[in-house]
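Chain by chain, the residues run as shown.
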Amino acid sequence: MKNSARYRIVALVLLLLTSSAVSRAGAAESSPTRPPNVVVFLVDDLGYMDVGANNPDCFYDTPNIDRLSQSGMRFTDGYAANPVCSPTRYSLMTGKYPTRVQATNFFSGMRGGTFKPAPLNNHMPIEEITIAEALKTKGYATFFAGKWHLGESEEYYPQNQGFDVNIGGYSRGGPYSGKRYFGPFENPQMEVESPEGDHLPDRLARDTAAFIDEHKDEPFLAYLAFYSVHTPLMGRPDLVAKYKEKAEAIAGEEFADEEQVIGNKPRKVRVLQKHAVYAAMVEAMDQAVGKVLKQIEDSGVEDNTIVVFTSDNGGLSTSEGSPTSNLPLRGGKGWVYEGGVREPWIVRYPGVTKPGSESSTPICSIDLLPTIASAAGVEIEHPIDGIDIRPALEGGSLDRDALYWHYPHYSNQGGIPGGAIRVGKYKLFERYEDGRVHLYDLESDLSESKDLAAEMPERVQQMRKKLHAWYQDVDAKFLQPKNGNEPWKPEYMQ
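Residues numbered from 1 in each chain as written. Predicted model: local features only at pLDDT ≥ 70, side-chain atom pairs only at ≥ 80, totals over all residues. Heavy atoms only, no water.

1. Thoughts on the environment of Phe 220
Part 1: Residue placement: Phe 220 occurs in strand 6 (residues 220-225).
Part 2: Judged by its relative accessible area of 0%, Phe 220 falls in the buried class.
Part 3: Along the backbone, Phe 220 and Lys 138 are 82 residues apart, and their C-alpha atoms lie at a distance of 9.9 Å.
Part 4: Among all residues touching Phe 220, those that are not within four sequence positions of it are Arg 34, Asn 37, Val 38, Val 39, Tyr 140, Ala 141, Phe 211, Ile 212, His 215, Val 301 and Thr 305. (Helix = DSSP H or I, 4+ residues; strand = E, 2+ residues; numbered from the N terminus. Buried < 20%, exposed > 50% of the residue type's maximum accessible area, 1.4 Å probe, protein only. Contact = heavy atoms within 4.5 Å.)

2. Section: the packing of helix 5 (residues 200-214) against helix 7 (residues 276-298)
Part 1: Running from amino to carboxyl end, helix 5 crosses helix 7 at an angle of 10°, the nearest separation of the two axes being 9 Å. In terms of their interaxial angle, helix 5 and helix 7 are classed as roughly parallel. Each of Pro 201, Asp 202, Ala 205, Arg 206, Thr 208, Ala 209, Ile 212 and Asp 213 in helix 5 lies in contact with helix 7, whose residues at this interface are Ala 284, Ala 288, Lys 291, Val 292, Gln 295 and Ile 296.
Part 2: Split by residue class, the contact of helix 5 with helix 7 holds 8 nonpolar, 2 polar and 4 charged. (Axes fitted to C-alpha atoms, helices over the stretch in contact; angles between N-to-C directions. Parallel < 35°, antiparallel > 145°, perpendicular 65-115°, else oblique. Nonpolar A, V, L, I, M, F, W, Y, C, P; charged D, E, K, R; others polar.)

3. A look at helix 11 (residues 457-474)
Part 1: Over its 18 residues, helix 11 extends 26 Å from the first C-alpha to the last, a length consistent with the 26 Å expected when each residue adds 1.5 Å.
Part 2: Inspection of helix 11 places Val 460, Met 463, Leu 467, His 468, Trp 470, Tyr 471 and Val 474 among the buried residues, and these make up the whole buried set. The arc that holds every buried residue of helix 11, seen down its axis, measures 155°, which confines them to one face. In helix 11, the exposed positions angled more than 90 degrees off the buried face are occupied by Glu 458, Gln 461, Gln 462 and Lys 465.
Part 3: Packing partners of the buried residues in helix 11 comprise strand 13 (403-407), strand 14 (418-423), strand 15 (426-431) and strand 16 (437-441). (Expected span 1.5 Å × (residues − 1). Arc of directions from axis to C-beta.)

4. Re the sheet that holds strand 11 (residues 357-359)
Part 1: The mixed open sheet is built from 8 strands, whose spatial order is 5-4-6-1-9-10-2-11. Every other strand in the sheet has two partners, leaving strand 5 (165-167) and strand 11 as the edge strands with one partner each. Taken over all neighbouring pairs, the strand axes of this sheet differ in orientation by 10° on average, direction set aside.
Part 2: In terms of strand pairing, strand 9 (residues 305-311) meets strand 10 (residues 345-348) through 4 bridges, oriented antiparallel. (Pairing = 2+ DSSP bridges.)

5. Quick word on unusual backbone geometry
Part 1: Here the amide bond leading from Gly 183 into Pro 184 is cis, since omega sits at 0°, within 30 degrees of zero.
Part 2: Look at the link from Ser 228 to Val 229: it is a cis peptide, with omega at 5°.
Part 3: One non-glycine residue with positive phi stands out, namely Arg 180, at about 60°.
Part 4: One can find Arg 180 in the loop between strand 5 and helix 5.
Part 5: One non-glycine residue, Glu 448, lies in the positive phi region at around 50°.
Part 6: Of note, Glu 448 is situated in the loop between strand 16 and helix 11.

6. Regarding the sheet that holds strand 14
Part 1: Pairing in this open sheet of 4 strands is antiparallel, and the strands run 13-14-15-16 from one edge to the other. Where the open sheet ends on each side, the last strands, each with one partner, are strand 13 and strand 16. In this sheet, neighbouring strand axes are inclined to one another by 15° on average, regardless of whether the strands run parallel or antiparallel.
Part 2: Pairing of strand 13 with strand 14 involves 5 bridges; the strand directions are antiparallel. Along strand 14, the bridge assignment pairs Leu 403 with Arg 422.
Part 3: Its contacts with the sheet place helix 11 against strand 13, strand 14, strand 15 and strand 16, and it is angled at close to 65° to strand 15.

7. Quick word on the pattern of salt bridges
Part 1: Enumeration over the complete set of coordinates arrives at 37 salt bridges.
Part 2: Salt-bridge contacts for Glu 128 lead to Lys 96; the nearest nitrogen and oxygen are separated by 2.9 Å. Note that Glu 128 is positioned in the loop between helix 3 (85-94) and helix 4 (131-136) and Lys 96 in the loop between helix 3 and helix 4, a separation of 32 residues in sequence. Accessibility assignment for this pair places Glu 128 and Lys 96 in one class, buried.
Part 3: Across the salt bridge formed by Lys 425 and Asp 441, the nearest N and O atoms sit 3.4 Å from each other. Of this pair, Lys 425 sits in the loop between strand 14 and strand 15 while Asp 441 sits in strand 16; the two residues are 16 residues apart in sequence, bridging distant segments of the chain.
Part 4: Residue Lys 425 is classed as partly exposed on the basis of its relative accessible area of 28%.
Part 5: The exposure class assigned to Asp 441 is buried, which follows from its relative accessible area of 9%.
Part 6: Through salt bridges with shared partners, a single ionic network connects Asp 77, Glu 338, Arg 342, Arg 422, Lys 427 and Glu 448. (Salt bridge = Lys/Arg side-chain N within 4 Å of Asp/Glu carboxyl O.)

8. Describing helix 5
Part 1: Given a rise of 1.5 Å per residue, 15 residues ought to cover 21 Å, and the 21 Å separating the end C-alpha atoms of helix 5 matches this to within 8%.
Part 2: Buried residues along helix 5 sit in contact with strand 1 (37-43), strand 4 (141-146), strand 5, strand 6 and helix 7.

9. Some words on the side chain of Asn 55
Part 1: Tracing the backbone through its elements, the reader meets Asn 55 in the loop between strand 1 and helix 2 (63-71).
Part 2: In this structure Asn 55 comes out as buried when scored by relative accessible area, which is 9%.
Part 3: Side-chain polar atoms of Asn 55 contact the backbone oxygen of Met 49, separated by 3.0 Å.
Part 4: In this view, Asn 55 contacts Met 49 and Gln 273; residues no more than four positions away in its chain are not counted. (Polar contact = N/O pair within 3.5 Å; in protein donor to acceptor, adjacent residues only side chain to side chain.)

10. Notes on the nonpolar core
Part 1: In terms of nonpolar packing, the biggest core is built from 91 residues, with Val 39, Phe 41, Leu 46, Phe 75, Tyr 223, Met 285 and Phe 309 touching the most fellow members.
Part 2: Of the residues forming this core, the biggest block, 11 residues, is contributed by helix 7.
Part 3: If we skip the residues at most four places from it in the chain, Tyr 223 touches Val 40, Leu 42, Leu 92, Met 93, Phe 143, Phe 144, Ala 145, Phe 163 and Leu 368.
Part 4: Val 84, Cys 364, Tyr 410 and Tyr 471 belong to the second largest nonpolar core, which has 42 residues in total. (Core = buried A, V, L, I, M, F, W, Y, C linked by side-chain atoms within 4.5 Å.)

Right, dumping it as structure tokens:
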């Protein structure tokens with residue numbers, strides 16, 4: 001991963017040569033076929049329980065996402081590689097765990113607590129081969145719209161990472177300029193400004209739809225990374241009014257206690273969905289998804305377009321307005337508990353996925369690149385961590401024994417610095433301040449409320465050994481000393 005420029009050039013040349021060879025071999029056997037188009041929806045801060053497809057009692061209306069689920073495969077155990085945004089976005093782009101380049105927190109989140117956080121890399125290295133660069137070797141037109149948040153300056157923006165078009169993607173993690181979610185947006189990567197009052201999710205959907213129709217006669221990648229439903233909490237007035245009325249009929253306690261690791265004030269977690277403004281943001285995002293899905297159909301490419309829908313981390317439940325509840329999942333954004341890393345995952349792959357199907361096979365954001373590359377006939381020659389999930393999309397299982405998480409930071413949301421490993425139905429959580437571990441059976445205890453570590457010491461030992469081997473493989477960094485106090489470190493570092 002060093003000697004960056006040389007590495008990137010060599011890897012891209014290998015991709016080009018391999019793809020050309022595969023194409024020539026295929027042409028010799030049969031007439032060439034057009035590779036599938038790809039549309040990726042990435043929603044910012046959307047929780048697993050925030051869509052009707054996953055939650056029949058969801059407070060928010062998401063009819064378009066629900067219909068997408070009915071036309072493809074819904075994953076009940078789909079994950080983000082990290083409980084906050086930038087690291088997961090890196091994993092989606094590269095197929096790698098973000099720990100490999102120390103991109104382990106949002107860029108640039110360096111909040112300390114009892115100890116100093118681990119060192120943080122503030123950009124996706126230029127030498128990384130992104131999903132866009134991989135598909136361009138097969139002649140794909142590539143498009144990005146929305147939130148990027150993968151580098152502090154223009155050299156790291158989408159247009160320099162394989163995307164032909166970039167609308168709105170730059171260094172900021174939210175729509176913080178202009179009138180924020182309403183035009184004018186004053187976004188430096190929007191060449192054409194929106195009129196007064198234009199709504200950001202709709203603007204991004206219109207641009208994505210226009211790209212799809214313009215490139216319907218050639219293979220394309222359209223990557224729509226919504227700024228929604230990230231703060232600032234701002235909704236369309238008509239939708240806010242709708243949900244205020246709906247919320248009046250919902251009674252019960254809205255908040256409960258959660259563990260606190262930053263500051264002295266008690267940390268509360270939302271346990272009841274009824275936030276009208278957040279609900280308005282979710283529904284507006286769903287309407288934007290619907291606009292793009294309709295364009296896929298109207299452009300006549302539905303039967304040859306893979307559609308992926310997911311999120312970058314769990315719903316915001318413990319800070320910044322705490323607008324949503326992830327129950328029965330514990331925690332939310334900024335937490336390595338399930339509420340922070342289990343995400344909506346829906347894939348519609350014509351000819352592969354069965355409409356209305358469901359899979360409990362664990363998948364992760366590291367799997368997007370290898371899956372899409374395989375579908376496009378691109379051979380990935382450089383090392384990555386993700387795998388092609390097509391066997392799961394066909395209703396089978398995957399040849400992978402574990403998934404891993406590493407978050408050596410104090411999250412803005414109060415999350416605990418820690419790491420985790422999932423093997424089968426078991427998840428081991430390791431605290432980085434003092435090294436304590438907890439073991440949960442996710443099949444019987446989705447809320448991670450019953451710690452089995454004392455009852456199953458052998459399993460703890462096995463999983464911890466595997467987790468620590470992974471730390472070494474990815475060169476994981478840990479909490480740093482503060483005021484003369486030393487944090488826990490894995491045994492191999494002592």
